[in-house]
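Take a look at the letters that make up each chain.
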Amino acid sequence: MAEALAWLLFFGKLLLMMLLVGLPLLLIIIFLANATYKRLSPKLEEWERKRDQSKK
C-alpha cells in the first residue's frame, strides 16, 4: 500500500512539473507564431493576389 501511494505521489509531482514547465513554453510558442504570422501576412496576401492574377 505504501509503495502504491509513493508511485501516486511521484506521478502527481511529475504531472505538476510537466504543467509548470510545459504551459509557459506553449504560450511562448503561440506568441512567437502569432508575431511571425502578423509580420508575414501582408507578403502572403500579396503573393496570393499575384497567383490569382496569373491564373486568370
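Values in this document were obtained by computation on a predicted structure and should not be read as measured data.

When helices and strands are counted, the protein shows one helix and zero strands. Relative to the globule expectation of 10 Å for 56 residues, the C-alpha radius of gyration of the protein, 23 Å, shows a markedly less compact shape. Principal-axis analysis of the C-alpha atoms places the extent of the protein at approximately 75 × 20 × 5 Å. When the 56 residues of the protein are sorted by exposure, 2% land in the buried category. Summing over all exposed atoms, the protein offers an accessible surface of approximately 5700 Å²; the carbon and sulfur share of this is 73%. One way to put it: in the protein the 9 positive side-chain charges average out to a point 6 Å from where the 5 negative ones average out.

Taken as a whole and assessed by the stated rule, the structure comprises three aromatic pairs. Relative to Phe11, the ring of Trp7 has its centre 5.7 Å away and its plane inclined at 25°; by these criteria the two rings are stacked. With Trp7 and Phe11 both in helix H1 (residues 2–55) and four residues apart, the pair spans about one turn of that helix. Classification of Trp7 as partly exposed rests on a relative accessible area of 46%. An aromatic cluster is defined as three or more aromatic residues linked by ring pairs; in this entry it consists of Trp7, Phe10 and Phe11.

Take the pattern of salt bridges next. Opposite charge on two side chains lets them pair, provided their charged atoms get close. This model, assessed by the stated rule, comprises one salt bridge. As a salt-bridge pair, Lys50 and Glu46 come within 3.5 Å of each other at their nearest N and O atoms. With Lys50 and Glu46 both in helix H1 and four residues apart, the pair spans about one turn of that helix.

Definitions and cut-offs
- Residues numbered from 1 in each chain as written.
- Predicted model: local features only at pLDDT ≥ 70, side-chain atom pairs only at ≥ 80, totals over all residues.
- Heavy atoms only, no water.
- Helix = DSSP H or I, 4+ residues; strand = E, 2+ residues; numbered from the N terminus.
- Rg over C-alpha atoms; globule rule 2.2 N^0.38 Å.
- Buried < 20%, exposed > 50% of the residue type's maximum accessible area, 1.4 Å probe, protein only.
- Areas by Shrake-Rupley, 256 points an atom, 1.4 Å probe, with all protein chains shown as cover.
- Lys, Arg positive; Asp, Glu negative; His and termini not counted.
- Charge placed at Lys NZ, Arg CZ, Asp CG, Glu CD.
- Phe/Tyr/Trp six-rings, centres within 6.5 Å; stacked < 30°, edge-to-face > 60°.
- Salt bridge = Lys/Arg side-chain N within 4 Å of Asp/Glu carboxyl O.

Purely spatial values, then, with no claim about function.
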